[in-house]
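Listed below, chain by chain, are the residues.
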Amino acid sequence: MNKSFETTGWSIVAKVARNPDSPEGRAALEKVFRIYREPLHSYVKKRGYSPDQADDIVQSFFLEVIEKKTITKASPERGKFRTFLLTSLRNHLANIEERSSAQKRGGDFTRVPMAVIDDDESPEVNAGTDAEHAYDRRWALALLSRAMDRLDSEMTTPRKRDRYVLLKPYLISDESTVHYAELARQTSLGEGMIKSAVHRLRRRFGQILREEISLTIRTPEEIDEEIRDLLMILK
């Protein structure tokens, strides 16, 4: 395995597995929660729970992960970490629903009609595939958002920021939609310079995106697979 990749890759998970109760393990676990909270929340809502109920379920899931040291069972040989985490959440939900059913009452986690759930995803919630798609889509959007936030933070001068604000809409758009001549008129720069600026931003954004993806996969080769997944999810 590439040495430089070992410092990112599954190391975030390995830190938890080595000693989940240590400061380093707790910090790594908090990072996992930040990365995956929104995708897990979307999945639970798609299973028919309200946003508040989804908050409670995801919170209780994370508490269970801490108490049972669930992440110590994660292994690169089992596949993608986000798949492992989703499977663990499914098991957690099954336990909640089984307890509610056994108690002959709805319990705190009674499902609610979709009409009362404010969500920007597909309205269908009954099929498991819809819930999984919501999870994958939220993962992809959160990934892009983190990469974009990092790129934003690198625009440290007024000149860089002004140019970035102008070119940002073209970061992930199709090349044919970039109107270089119009952008050149707006900036008083040559069309060639605008093309170079867009390409530099895209290249840097791509580097950041790959770094973010590398946090929870096993090998550098899997980065390209995750990027293909991301593009398919967002189609």
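Residues numbered from 1 in each chain as written. Predicted model: local features only at pLDDT ≥ 70, side-chain atom pairs only at ≥ 80, totals over all residues. Heavy atoms only, no water.

Trainee: So what's going on with the side chain of R47? Which residues, and what values?
Mentor: Relative to the helices and strands, R47 resides in the loop between α3 (23-46) and α4 (51-68). Residue R47 is classed as buried on the basis of its relative accessible area, which comes to 17%. (Helix = DSSP H or I, 4+ residues; strand = E, 2+ residues; numbered from the N terminus. Buried < 20%, exposed > 50% of the residue type's maximum accessible area, 1.4 Å probe, protein only.)

Trainee: Go over the packing of aromatic side chains with me, naming the residues and quoting the values.
Mentor: Counted according to the given criterion, the structure contains five aromatic pairs. On the basis of an interplanar angle of 65° and a centroid distance of 5.6 Å, the ring pair of Y36 and F81 is categorised as edge-to-face. Of this pair, Y36 sits in helix α3 while F81 sits in helix α5 (residues 81-102); the two residues are 45 residues apart in sequence, bridging distant segments of the chain. By relative accessible area, Y36 is classed as buried at 0%. A relative accessible area of 0% places F81 in the buried class. On the basis of an interplanar angle of 85° and a centroid distance of 6.5 Å, the ring pair of Y43 and Y135 is categorised as edge-to-face. (Phe/Tyr/Trp six-rings, centres within 6.5 Å; stacked < 30°, edge-to-face > 60°.)

Trainee: Residues and numbers for helix α9 (residues 191-213), please.
Mentor: For α9, spanning 23 residues, the distance from its first C-alpha to its last is 33 Å, which sits close to the expected 33 Å at 1.5 Å a residue. Every buried residue of α9 is accounted for by I194, A197, V198, L201, F205, I208, L209, E212 and I213. (Expected span 1.5 Å × (residues − 1).)

Trainee: Which residues make up the confidence of the model for the protein chain, and what are the values?
Mentor: Confidence in the prediction of the protein chain, expressed as mean pLDDT, is 77, and 76% of residues score 70 or more. Counted against residues more than four places away or in other chains, residues 1-9, with its pLDDT under 50, gives 17 contacts. Low pLDDT (under 50) marks residues 104-128, which in the prediction has 46 contacts with non-local residues, meaning those over four places away or in another chain. (pLDDT = per-residue confidence, 0-100. Contact = heavy atoms within 4.5 Å.)

Trainee: Would you mind going over the nonpolar core in detail, with residue names and values included?
Mentor: Soluble globular proteins: nonpolar side chains tend toward being buried together. Judged by nonpolar contacts, the single largest core of 54 residues is most densely connected at Y36, L40, Y43, V44, F81, L85 and L151. For this core, the secondary structure elements donating two or more residues are α3, α4, α5, α6 (128-153), α7 (158-167), α8 (180-187), α9 and α10 (221-233). Take this core: its biggest share by element is nine residues, from α6. (Core = buried A, V, L, I, M, F, W, Y, C linked by side-chain atoms within 4.5 Å.)

Trainee: Go over the pattern of salt bridges, please, and point to the residues and values.
Mentor: For the structure shown, the criterion picks out 13 salt bridges. Between E226 and R82 there is a salt bridge, and its shortest N-O distance comes to 3.0 Å. Placement of E226 in helix α10 and of R82 in helix α5 is noted, with a sequence separation of 144 residues between them. Across this residue pair, the class does not change: E226 and R82 are buried. When salt bridges that share partners are traced, they join R82, D136, E226 and D229 into one network. (Salt bridge = Lys/Arg side-chain N within 4 Å of Asp/Glu carboxyl O.)

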